[in-house]
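Chains, contacts and geometry: an overview
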Amino acid sequence: MTSPFDVFTQNLDYARQIVKGARLLAGLGVSSFDVDDLYRAAWVQAVAALDHWAHEEIYHRAAAIALRPDDPGKPRKFLAFEIPMRLVEEVSAGLVSLEAGFRDHLKKSLSHRSYQNPVKIKEGFALVSDLPLWEEVAKALSAQRSGGTRVAPKDVTDRLTAVANRRNKISHEADRDPDLPGAKLAIDADEVQAVIDFLETVAAAIVEVLDRERRPAETAAPALPMPRAPAVELSQRFDALLGRYPEEAPAVTGILQRWVKLGGSITYSGTETSCLLVLDGEDFDYWAVSISPPIRKIHITFDHLSRRPPFDDIGLRRELLLRVNEIPGVSLPEDNESLAGRPAFPLAALRGPGADRLWAALEWFASQVPRE
């Protein structure tokens, strides 16, 4: 199962805990409020979990597809997906990795969409698969049943539609019963528990059919090793460019060596080669600096960090900025624009004690990154 699915099950477990708590309160005869509203809250939580999972699953799989440039079987909708030239230029210049940049663009493009209705869910997953989604999901669900009972695609989509419609009625109409003025529609623990289990089963079936689609192509023949020459060439080009500045080169090399010892990695990219100091977090890759010898600058990548928890907290980014400003001669602005952008300071600031001050800031940054 994928990491997004793990988060999905955690969110569903929260909905189940709400149901469990409501059962206990109902057993105690609580009458100070309508305990049934807790069941309604659990229903809304379960549908929200499905919506969140679908987004994250699509981001996860689309980013993986983007990293397979030689794959001839990319989905039609993926091949038609538009990306801005700004992203192309940032990836080319090494200011952002393809995976991170593409994933962030996906979020900006798709975050406003709702994946609760089966039509919208199918549209979303068309970005990562050409399979007839609900037909394949119905087959997977049928295979799980004993006695050969068949699940029809319409059975799945009709129930998903009903679940989403009830969620909307709870959220937007206070779940009022149109036939009984002043009353709400009936709801109980068993009904909500069945909805939670149904959503989990359907999502698991979606993961199953998407993984099955990739598996034959991946296992039909041994994959050829990816050539490593381009990465080596980028590293050599970076070293050659850095060597033009003998007063700063030892400081930069020392920081890179210490970063690797800390458990990080170095990514080189772009025709005008830059490098990123990358740290593998629990859910994301993180980097705080981009070192660019061609322009003799070091950028602090707050624009990237602002989309990575816990650095989406501006206070934490400000703390990093203050630590960077301890480098002699560096005085980055502390305004909100800077903390959401990519401010830079000269490579020459690493002379003398500057390298140690930058390293201290990077060590602190690494200590804040959530790791597994």
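The structure reproduced in this document is the subject of the present report. (Residues numbered from 1 in each chain as written. Predicted model: local features only at pLDDT ≥ 70, side-chain atom pairs only at ≥ 80, totals over all residues. Heavy atoms only, no water.)

A word on the overall build of the protein chain
Worth spelling out the cut-off: Here a strand is any run of E in DSSP of at least two residues, a helix any run of H or I of at least four, and the numbering for each starts at the N terminus. Whether two residues touch is decided by their heavy atoms; if any such pair falls within 4.5 Å, the residues are in contact. A residue counts as positive if it is Lys or Arg and as negative if it is Asp or Glu; His and the chain ends are not included. All charge positions are set by atom: Lys at NZ, Arg at CZ, Asp at CG, Glu at CD.
Looking only at helices and strands, the protein chain has 15 helices and five strands in total. For the protein chain, the C-alpha atoms occupy an extent of roughly 80 × 55 × 35 Å along the three principal directions. Summarising the internal contacts of the protein chain: among those between residues at least 6 apart in sequence, 65% fall at separations of at least 24. Of the side-chain charges in the protein chain, 45 are positive and 54 negative, and the distance between the mean point of each set is 2 Å.

Here's the deal with the layout of surface pockets
Here is the rule: The pocket and cavity definitions rest on a 1 Å grid over protein atoms only: a 1.4 Å probe that fits but cannot leave marks a cavity, an open set with protein on both sides within 12 Å along at least five of seven lines marks a pocket, and residues lining either have an atom within 4 Å of a point. Grid points are joined across faces, edges and corners, and a volume is the space filled by probe spheres set on the points. The residue classification treats Ala, Val, Leu, Ile, Met, Phe, Trp, Tyr, Cys and Pro as nonpolar and Asp, Glu, Lys and Arg as charged. All others, Gly included, are polar.
Estimated volume of the second largest pocket: approximately 570 Å³. In terms of lining, the second largest pocket is formed by 21 residues, of which the most central are Ser3, Arg103, Glu282, Asp283 and Phe284. Among the elements of the structure, helix 1 (3–27), helix 2 (36–66) and helix 5 (98–110) are those that each provide at least two residues to the lining of the second largest pocket. When residues of the lining of the second largest pocket are assigned to their parent elements, the largest contribution, five residues, is made by helix 2. When its residues are assigned to classes, the lining of the second largest pocket shows six nonpolar, five polar and ten charged.

Examining a nonpolar patch on the surface
Applied cut-off: Patch membership requires over 30% relative accessible area and the absence of a salt bridge. Like charges are linked within 9 Å, and nonpolar side chains (Val, Leu, Ile, Met, Phe, Trp, Tyr) within 5 Å. Residue exposure ignores everything except the shown protein chains as possible cover, and the areas themselves are Shrake-Rupley values with a 1.4 Å probe. Each salt bridge in this description consists of a side-chain nitrogen of Lys or Arg and a carboxyl oxygen of Asp or Glu lying within 4 Å of one another.
On the surface, Ile83, Met85 and Val88 cluster together into a nonpolar patch covering about 270 Å² of accessible area. Looking at where methionine 85 falls in the secondary structure, it is placed in helix 4 (residues 85–92).

Brief notes about the side chain of arginine 317
This is how the line gets drawn: Here's how the labels work: a residue is buried when its accessible area is under 20% of the maximum for its type, exposed when over 50%, partly exposed in between, all with a 1.4 Å probe on protein chains only. Here a polar contact is taken to be a pair of N or O atoms separated by no more than 3.5 Å, where protein atoms must pair a possible hydrogen donor with a possible acceptor and residues adjacent in sequence count only if both atoms sit in side chains.
The residue arginine 317 is located in helix 13 (residues 314–324) in this model. Buried charge without a salt bridge: arginine 317, with aspartate 312 as the nearest opposite-charge side chain at an N-O distance of 6.2 Å. One polar contact links the side chain of arginine 317 to the main-chain carbonyl oxygen of phenylalanine 311, over a distance of 2.7 Å. A polar contact is formed between the side chain of arginine 317 and the backbone oxygen of leucine 339, at a distance of 2.7 Å. Among all residues touching arginine 317, those that are not within four sequence positions of it are Phe302, Leu305, Ser306, Phe311, Asp312 and Leu339.

Brief notes about the pattern of salt bridges
For the coordinates displayed, the defined rule picks out 27 salt bridges. Linking glutamate 247 and arginine 351 is a salt bridge whose minimum nitrogen-to-oxygen distance equals 2.8 Å. Residue glutamate 247 is located in the loop between helix 10 (229–242) and helix 11 (249–262), and its partner arginine 351 is located in the loop between strand 5 (344–346) and helix 15 (354–368); the two are separated by 104 residues in the primary sequence.

Side note on the packing of helix 11 against helix 15
To keep it simple, the criterion reads: To obtain an axis, a line is fitted to C-alpha atoms, over the contacting stretch when the element is a helix, and the angle between two such axes runs from 0 to 180 degrees between their N-to-C directions. An angle below 35 degrees is treated as roughly parallel, one above 145 as roughly antiparallel, one from 65 to 115 as roughly perpendicular, and anything else as oblique. Here a crossing is called left-handed whenever its near helix is offset anticlockwise from the far helix by less than a right angle, and right-handed whenever the offset is clockwise.
Where helix 11 meets helix 15, the closest approach of the two axes is 10 Å, and the angle between their N-to-C directions is 25 degrees. In terms of orientation, helix 11 and helix 15 fall into the roughly parallel class. Handedness of the crossing formed by helix 11 with helix 15: right-handed. Note on element contacts: helix 15 touches helix 11 through Ala355, Asp356, Leu358, Trp359, Leu362, Phe365 and Ala366, opposite Ala251, Ile255, Arg258, Trp259 and Leu262. Each residue belonging to the contact of helix 11 with helix 15 can be placed in one class, and the counts come to ten nonpolar, no polar and two charged.

Considering the nonpolar core
Rule in force here: To qualify as a nonpolar core, a set must consist of buried Ala, Val, Leu, Ile, Met, Phe, Trp, Tyr and Cys residues joined through side-chain atoms within 4.5 Å.
Trp53, Phe125, Trp134, Val137, Leu199 and Ile206 are the most contacted members of the largest nonpolar core, which totals 56 residues. Residue assignment for this core shows that the elements contributing at least two residues are helix 1, helix 2, helix 5, helix 6 (118–125), helix 7 (133–144), helix 8 (153–173) and helix 9 (189–219). Residue contacts for phenylalanine 125: discarding those within four places in its chain leaves Trp53, Ala54, Glu57, Ile58, Leu133, Ile206 and Leu210. Among the nonpolar cores identified, the runner-up in size contains 43 residues, and Ile255, Cys275, Phe311 and Leu362 belong to it.

Some thoughts on the pairing of strand 4 (residues 297–300)
Heads up, the rule is: Here, a strand pair is defined by DSSP locating no fewer than two bridges between the strands.
Pairing of strand 3 (residues 285–292) with strand 4, which is carried by four bridges, proceeds in the antiparallel orientation. Note on strand 4: the bridge partner recorded for isoleucine 291 is isoleucine 298. What sits between the antiparallel neighbours strand 3 and strand 4 is a turn of four residues, in which arginine 296 has the positive phi angle 55 degrees. Pairing of strand 4 with strand 5 involves three bridges; the strand directions are antiparallel. Note on strand 5: the bridge partner recorded for isoleucine 298 is phenylalanine 345.

Topic: the side chain of arginine 61
Mapped onto the elements, arginine 61 comes out in helix 2. Residue arginine 61 is classed as buried on the basis of its relative accessible area of 12%. At 2.7 Å, the side chain of arginine 61 and the side chain of glutamate 57 are in polar contact.

Description of unusual backbone geometry
Cis rather than trans, the peptide bond between proline 309 and proline 310 has omega equal to 5 degrees. Within the secondary structure, proline 310 sits in the loop between helix 12 (302–305) and helix 13. Although it is not a glycine, alanine 174 sits at a positive phi angle of roughly 55 degrees. Relative to the helices and strands, alanine 174 resides in the loop between helix 8 and helix 9.

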